[in-house]
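# Chain and residue survey
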Amino acid sequence: MEVIVKKNYEEMSKAAATLFAAEIMENPKTILGMATGSTPVGLYKELVKMYEAGDLDFSQVTTFNLDEYIGLAPEHDQSYHYFMNDNLFNHVNINKENVHVPDGVGFEAGEAGKAYEELMAKTGQVEIQLLGLGFNEPADEFTKVTGEIDLTDSTIEANKRFFEKKEDVPRKAVSMGIGTIMRAKKIVLLVNGENKAEILKEVVNGPVTPKVPGSILQFHPHVTVICDEEAAKYL
């Protein structure tokens, strides 16, 4: 596991964008694993800048996102599909047929994850999987494949600011399993802020446990952690 510490959020976003841009330049047909949340927004802005400058071509890139809320259609302004369109896909020349986000509304219970796994297996191996520290909920065991998960009370509480009332916050999501994530050739974990310092220490140096899902990354052969100085204070 390589840990790269940058001075601030802007610098770490640029460093991450450089890795993803290099992958696209080397292999225009690459398959990328994407993530949502506030942490990767800076990375996506940097990729858009590179595209607008004529340095990147997304026309043959394929993407798979980590997760989606169950019950929210892609057009819902709080869905992860909408987030990706708003922050990246609508601003570059990616073919929307090559954009994949788990389906939170179109399947019977338990079938969305199976369909996503089959699609990924048919498409090919993810070259770089982007992660933030919230990529999987704490659990009693590591999840193996994509499937439905119950969101924790803390996640629901954190998400309520995005909805009109707490009752509107989804309680479940379709999420890539740890086993699925670990199949990616390379993984990039982005972490920023002092509030993430303690958990990042556990991820990098603590025991491997499903109570800290990110700790499983210690077993992956090619993980790059990019963080700011605040997040790295305990490393």
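Residues numbered from 1 in each chain as written. Predicted model: local features only at pLDDT ≥ 70, side-chain atom pairs only at ≥ 80, totals over all residues. Heavy atoms only, no water.

### Let's talk about a nonpolar patch on the surface
Together, Met1, Val3, Val5 and Leu235 make up an exposed nonpolar region whose accessible area comes to about 300 Å². Its location among the elements puts Val5 in strand β1 (residues 2-6). (Patch = residues over 30% accessible without salt bridge, like charges linked within 9 Å, V, L, I, M, F, W, Y side chains within 5 Å. Areas by Shrake-Rupley, 256 points an atom, 1.4 Å probe, with all protein chains shown as cover. Salt bridge = Lys/Arg side-chain N within 4 Å of Asp/Glu carboxyl O. Helix = DSSP H or I, 4+ residues; strand = E, 2+ residues; numbered from the N terminus.)

### Some details on the nonpolar core
Of all hydrophobic cores here, the largest spans 59 residues; its most connected members are Leu43, Tyr44, Leu47, Leu88, Leu189 and Leu200. Dropping the residues within four chain positions of it, Leu189 is found in contact with Leu131, Gly132, Leu133, Leu200, Val203, Leu217, Thr224, Val225 and Ile226. Leu72, Ile156, Phe163 and Ala173 belong to the second-largest nonpolar core, a separate cluster that totals nine residues. (Core = buried A, V, L, I, M, F, W, Y, C linked by side-chain atoms within 4.5 Å. Buried < 20%, exposed > 50% of the residue type's maximum accessible area, 1.4 Å probe, protein only. Contact = heavy atoms within 4.5 Å.)

### A short note on the environment of Asp153
As for its position among the elements, Asp153 is in helix α5 (residues 153-159). Taking the C-alpha atoms as reference, Asp153 lies 8.8 Å from Arg171; in sequence the two are 18 residues apart.

### A look at the sheet that holds strand β7 (residues 147-150)
The three strands are arranged β4-β8-β7 in an open sheet whose pairing can be described as antiparallel. With one partner strand each, in any of the chains shown, β4 (67-69) and β7 form the two edges of the open sheet. When the angles between neighbouring strand axes are averaged without regard to direction, this sheet yields 30°. Summarising the sheet, β7 and strand β8 (residues 172-175) pair through four bridges and their orientation is antiparallel. Bridge pairing in β8 places Gly147 opposite Ser175. (Pairing = 2+ DSSP bridges. Axes fitted to C-alpha atoms, helices over the stretch in contact; angles between N-to-C directions.)

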